[in-house]
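Each chain, letter by letter, is given below.
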Amino acid sequence: MSKFSTWFQKHFIPHEGNNHNPHFLRHNSVMIFLLIIIVVQLGFLAQVFLVFDKTKFLASVLPGVLTTLTNKEREEINLPALTSNELLNRAAQMKAEDMASRGYFAHTSPDGLTPWYWLGQVGYNYKSAGENLAVNFFESKDVSDAWMDSPTHKANIVKPNYTEIGIGVANGVYEGRHTVFVAQFFGTPFAYTSKPVETTPTPKTTTAPIVKTTPAPKPTPTPKPAPKPAPVIPTPVNTSTQIAVAPVETVVLGEEIINANTIEKNSFLKTTINKLLTSPLNSVKYIYSGIALLFIFALFMFVRSEIKHPIVIARSVALLSVIVLLLLLNIKILHIDTIVPSDGLSASVINTIAN
């Protein structure tokens, strides 16, 4: 504790030991933090204009973040969390890629394909299903907030009977602007009910007197040659229609078995990292705010000591001004409105629109 106290006083408290000039406010320290801010800012711009715009990095990270944010909204009203389902992920990815490649943004495609078409393509057999869409965003939380601000999209997120979720993301052009499309599917699968095995009832027995008899020897049967096995002809599987959903949420599609109960849950650390990677503005805010608070505290302690040292004060104020200006610039860069359809869409098993 004494070492920390000595370090704290040397860097933040003006006294004779540091010549009334705390190390944190000295020229070298200010230059180091200014260099850190420049590196962070360059990383922010690269993430927004190169990584998000030119690569599919966002597509591999955003679904997990949106699933976490969706489940957080459900947990706040005491609803069970949704389980990520691979079939729903495939259907959502196909829908997102269709919108991105053809430049439309709607629940129904220009040639009349509804969301339920994509569920049929992957063989997802559902009792009820829903779809949320979004486009034009940089921040993952902007998508979640836009959905929660729309009554019909929010209704899908907090619908009690939904148990599974799938998300797809694709890069494309919408209204002349390169952007990212996101499709979110919700579902309640049909439970597979196996036919009960018919058993022959055991006949009632009546008590009879026991008679001891010597059984006659059984004749030895002549062994018959074993018949040759018939050749097995593989049956073709139509992956778009053949599906069975077991009570433990095991989905059989062709030869592939996907067990939703064994899907690895994201760790807290992984989820946090994903949130930061898909929320560049928030990441920069956290870093800049931390640096600003340290300098504000050091400056407060310096001014409180009533030591007149205008150069030290000017350096600190200049650094704080740079931080504020960069934050305002970053907000302006990312100031775009996330677009969602006028209505979220949901359907029952007979594919009638509920919303």
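If you're wondering where the values come from, they're calculated on a predicted model, not measured in any experiment. (Residues numbered from 1 in each chain as written. Predicted model: local features only at pLDDT ≥ 70, side-chain atom pairs only at ≥ 80, totals over all residues. Heavy atoms only, no water.)

1. Quick word on the overall build of the protein chain
Rules: A run of H or I in DSSP becomes a helix once it reaches four residues, and a run of E becomes a strand once it reaches two; helices and strands are each numbered from the N terminus. Only protein chains enter the accessibility calculation, which uses a 1.4 Å probe; a residue is then buried when its area is under 20% of its type maximum, exposed when over 50%, and partly exposed in between. Contacts were defined at the residue level, with two residues in contact if any of their heavy atoms lie within 4.5 Å. Note on areas: these come from Shrake-Rupley sampling with a 1.4 Å probe, and a residue is covered only by the protein chains present in the view.
Assigned secondary structure in the protein chain consists of ten helices and eight strands. Within the protein chain, buried positions represent 39% of all 355 residues. Long-range pairs, those at least 24 residues apart, make up 75% of the contacts in the protein chain between residues at least 6 apart in sequence. Carbon together with sulfur atoms contributes 63% to the accessible area of the protein chain, which is approximately 21400 Å² in total.

2. Points about a nonpolar patch on the surface
Let me state the cut-off plainly: Patch membership requires over 30% relative accessible area and the absence of a salt bridge. Like charges are linked within 9 Å, and nonpolar side chains (Val, Leu, Ile, Met, Phe, Trp, Tyr) within 5 Å. Any Lys or Arg side-chain nitrogen located within 4 Å of an Asp or Glu carboxyl oxygen qualifies as a salt bridge.
Together, V324, L325, L328 and I331 make up an exposed nonpolar region whose accessible area comes to about 380 Å². Its location among the elements puts I331 in helix α10 (residues 310-333). Take I331: its relative accessible area is 37%, and that puts it in the partly exposed class.

3. Here's the deal with the packing of aromatic side chains
Quick note on the threshold: Only centres within 6.5 Å qualify two rings of Phe, Tyr or Trp (six-membered ring in Trp) as a pair; their planes then separate them into stacked at under 30 degrees, edge-to-face at over 60, and tilted for everything else.
Enumeration according to the criterion identifies 16 aromatic pairs in this entry. Both rings, one in F24 and one in F295, keep their centres 4.7 Å apart while their planes meet at 50°; by these two values the pair is tilted. Pair noted here: F24 is in the loop between α1 (2-12) and α2 (27-54) and F295 is in helix α9 (residues 280-304), with a separation of 271 residues, a long-range link. Per residue, the accessibility class of F24 equals that of F295, and both read buried. Each member of the aromatic cluster is reached from another via a ring pair, and the members are F4, W7, F8, F12, F24, F33, F295 and F297.

4. Observations concerning the packing of helix α4 (residues 86-102) against helix α5 (residues 115-122)
Heads up, the rule is: For every element, the axis is a line fit to its C-alpha atoms; helices are fit only across the contacting stretch, and the angle between N-to-C directions ranges from 0 to 180 degrees. Angular relationships are summarised with four words: roughly parallel below 35 degrees, roughly antiparallel beyond 145, roughly perpendicular across 65 to 115, and oblique for the angles in between. By convention the crossing between two helices is left-handed if the near helix lies anticlockwise of the far one by an angle smaller than a right angle, and right-handed if it lies clockwise. In the scheme used here, Gly and all other residues not listed as nonpolar or charged are polar, with Ala, Val, Leu, Ile, Met, Phe, Trp, Tyr, Cys and Pro taken as nonpolar and Asp, Glu, Lys and Arg as charged.
At a minimum axis separation of 9 Å, α4 and α5 run at an interaxial angle of 130°. By the angle between their directions, the pair α4 and α5 is classed as oblique. At the point where α4 passes α5, the crossing takes the right-handed sense. Between α4, through L87, L88, R90, A91, M94, K95 and D98, and α5, the contact on the second element is made entirely by P115, W118, L119, Q121 and V122. Its residues assigned to classes, the contact of α4 with α5 shows eight nonpolar, one polar and three charged.

5. Details of the side chain of N136
This is how it is decided: By the criterion applied in these results, polar contacts are pairs of N or O atoms within 3.5 Å in which, for protein atoms, one can donate a hydrogen and the other can accept it, and in which residues neighboring in sequence qualify only through two side-chain atoms.
Positionally, N136 belongs in the loop between β2 (126-135) and α6 (140-149). Its relative accessible area of 12% is what places N136 among the buried residues. Polar contacts involving the side chain of N136 include one to the side chain of R177, which spans 3.1 Å.

6. As for the nonpolar core
Here is the rule: By convention a nonpolar core is built from buried Ala, Val, Leu, Ile, Met, Phe, Trp, Tyr and Cys residues, the set being connected through side-chain atoms within 4.5 Å.
Counting residues in hydrophobic clusters, the biggest one holds 25 residues, and the most contacted among them are I37, Y288, F295 and I323. With eight residues, the top contributor of residues to this core is α9. Apart from residues no more than four positions distant in its own chain, Y288 is found in contact with I37, V40, Q41, I323, L326, L327 and N330.

7. Description of the confidence of the model for the protein chain
So the rule is basically this: You can read pLDDT as the predictor saying how much it trusts each residue, on a scale of 0 to 100.
Across the protein chain, pLDDT averages 75, with 66% of residues at or above 70. When pLDDT is averaged over each element of the protein chain, α4 comes out on top at 95 and strand β6 (residues 250-253) at the bottom at 29. Note on residues 205-214: pLDDT under 50 across the span, and zero contacts to partners over four residues away in sequence or across chains.

8. Section: the packing of α9 against α10
Relative orientation of the contacting elements α9 and α10 amounts to 160°, with a least axis distance of 10 Å. Classified by the interaxial angle, the pair formed by α9 and α10 is roughly antiparallel. The interaxial crossing formed by α9 with α10 has left-handed handedness. Seen from α9, the contacting residues are L281, V284, K285, Y288, I291, A292, F295, I296, L299, F302 and V303; seen from α10, they are V312, I313, S316, V317, L319, L320, I323, L326, L327, N330 and I331. Broken down by class, the residue content of the contact of α9 with α10 amounts to 19 nonpolar, two polar and one charged.

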